[in-house]
Amino acid sequence: LKGGHDDLLLRIDSRDLESWLRDRDDVYRLWRFYSCHGGDAVAGDVMRERGTDARSALPLSDRIECLARAADSYSAALRGGAAAVGGPSPSSRPAFLGAGRGAVGGAVPSRREGRTATTDAVQASLTEVKELLDVAKIQMRVLNRVLQSRDAGLGEEKMNGLKSTLLDVSTMFNDYTGPLNFCDECLLILMTCRQDLPDKIDMLWRSIICEEVLPCRTDSRPVADFLTDLKRGSLTENEPVVLGGSAGPDVAAKFEEGGWAANLKNRVSSLGSDLYGRGANFAFPLDLVLGTLEGLRRLHGGATDGGECSRPWPVQSVLDAGVPYYEIMASYESIWTGVGDGEARVHWLASIADLLELWLEAAATSFSDTGRGDSPLAQLARETKDNSLLTRLDQYRSTVEESCAGTNRVGQTLERISQIVETIRFRF
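Computed from a predicted model, the values in this text were never measured in an experiment.

Analysis parameters
- Within every chain, residues take consecutive numbers counted from 1 along the sequence as written.
- The model is predicted, so local features are restricted to residues of pLDDT at least 70 and side-chain atom pairs to those at 80 or more, both for listing and for counting; the totals for chains, interfaces and linings are taken over all residues.
- Only heavy atoms go into the side-chain values, all of them from the structure, while hydrogens and water stay out.
- Numbering of helices and strands runs from the N terminus, with a helix taken as a DSSP run of H or I at least four residues long and a strand as a DSSP run of E at least two residues long.
- Burial status follows relative accessibility: with a 1.4 Å probe on protein chains alone, a residue under 20% of its type maximum counts as buried, one over 50% as exposed, and anything between as partly exposed.
- Residue burial considers only the protein chains on display, and all accessible areas are found by Shrake-Rupley using a 1.4 Å probe.
- Take the buried Ala, Val, Leu, Ile, Met, Phe, Trp, Tyr and Cys residues and link them wherever side-chain atoms come within 4.5 Å; each set so joined is a nonpolar core.
- Any two residues having at least one pair of non-hydrogen atoms within 4.5 Å are treated as being in contact.
- Think of it this way: a Phe, Tyr or Trp ring, Trp meaning its six-membered ring, pairs with another when their centres are within 6.5 Å, and the plane angle makes it stacked under 30 degrees, edge-to-face over 60, tilted otherwise.
- When the NZ atom of lysine or the CZ atom of arginine is within 6 Å of a ring's centre and also within 35 degrees of its normal, the charge is said to sit over that ring.
- Salt bridge, as used here, is a side-chain nitrogen of Lys or Arg placed within 4 Å of a carboxyl oxygen of Asp or Glu.

Undergrad: Help me get a handle on the overall build of the chain, residues and values and all.
TA: Summing up its helical and strand segments, the chain has 20 helices and two strands in all. Taken over 428 residues, the chain has a buried fraction of 48%. Surface exposure of the chain reaches about 20,100 Å², of which carbon and sulfur atoms provide 47%.

Structure (structure tokens):
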């Protein structure tokens, strides 16, 4: 070992070496030893037991590393079939030691006693470790946020628990993310636990959006009313929305300046990518998120010209989060049906045009991916089958022509929709 010949040593097929590594509590070399000799399931057990050992003061980062290695080992065992799951046969090599609950913090299956892991057992262990790993990664996010904050108000005991133990989700939610108003991590916990709580999720998302916009001042009554309604019942309800006047010491930003838009887009994209497509899309309520972002964009566009808010950043934020085009289209259409105001209706039709223009551009560059069912081109082909999308667009266009004549931007928006319809009809 002093000469750096670890690889050579661990290739030696010896029960004495196995026993020596266990006696030294040399967990990482013992894990590699089992992996070298086809005992991937046992290697996974070693790392799982070390990562979950409540008696040690192992830092959270080390526990996460152990769980990740355990997951890799269990996966390798399943890929390797019976040999890797059950380990080498006793006749082909010395048996793995059955040392009971020893220095590495857990009992390793003893080949000498004839206890071999089954595929089902290894799959169950892999599932358990992945769940532990998901929760531990959320805990690491919480720890990093606490360390970055000036005064999180945690006592020494809670802080030590956060740093060096694996917390269960209830403890993390009730003692840390909830009291600290860590909205992003609360949503991740709800996703991980498959807890579909619409009212709470709605409140958390409105709080997240308000955190990026408030406090602020504005010269527009509609903006002030929108933001006041948005923050009502959220964790940011006490943040000020100042109508008119000069900025006070706590209200440095003006809504019309739009400085909030880029940060909000990035936060939605980042958090959305952690939440969407993981079997719990309820934690990323598309109608609520898109509806609120588009509401902010519309209000900003009504007060200013140009800038970040003039671009279709709401749809881009959810695209960057991994939401497919057809689901965004369904969300826009769902919101459209509930819009009655002329200006708002024109805005939503313009937003649908924004999405479709991005979609057509992506589809035109994805002809080489025609075999992929999730490619922009394949998504568009499904939506345009039997001309269903074109029929709906014609209906939206007729509605706007009849009810929104003279409304700002109506002619430009209708022309865009006409061009999109023609492009789909003749190119796709």
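Undergrad: So what about the nonpolar core? Which residues, and what values?
TA: W205, F284 and L393 are the most contacted members of the largest nonpolar core, which totals 118 residues. Here this core gets 12 residues from one element, more than from any other, and that element is helix α17 (residues 342-364). With sequence-adjacent residues up to four places away left out, L393 is seen in contact with M329, I352, L356, I417, I420 and V421.

Undergrad: Go over the packing of aromatic side chains, please, and point to the residues and values.
TA: Within this structure, the stated rule accounts for seven aromatic pairs. Each ring, one from F255 and one from W260, has its centre 4.9 Å from the other, and the planes form 20°; the classification is stacked. Side by side, F255 and W260 carry an identical accessibility label, which is buried. Feature note: the residues F255, W260 and W313 constitute an aromatic cluster, connected by ring pairs. Over the ring of F182 we find R145; its NZ or CZ atom is 4.0 Å from the centre of that ring. The ring of W336 carries the charged tip of R345 above its face, separated from the ring centre by 5.1 Å.

Undergrad: Can you break down the pattern of salt bridges residue by residue, with the values?
TA: In the structure shown here, the tally under the stated rule is 24 salt bridges. For R48, the salt bridge identified is with D45, shortest N-O distance 3.7 Å. Separated by three residues within a single helix, R48 and D45 lie in helix α4 (residues 40-52), roughly one turn from each other. For the residue pair R48 and D45, the accessibility class agrees, reading buried in each case. A salt bridge links D354 to R297, with the shortest nitrogen-to-oxygen separation between them at 3.1 Å. Of this pair, D354 sits in helix α17 while R297 sits in helix α14 (residues 286-303); the two residues are 57 residues apart in sequence, bridging distant segments of the chain. Owing to a relative accessible area of 9%, D354 belongs among the buried residues under this scheme.

Any functional reading would require information that these geometric values do not contain.
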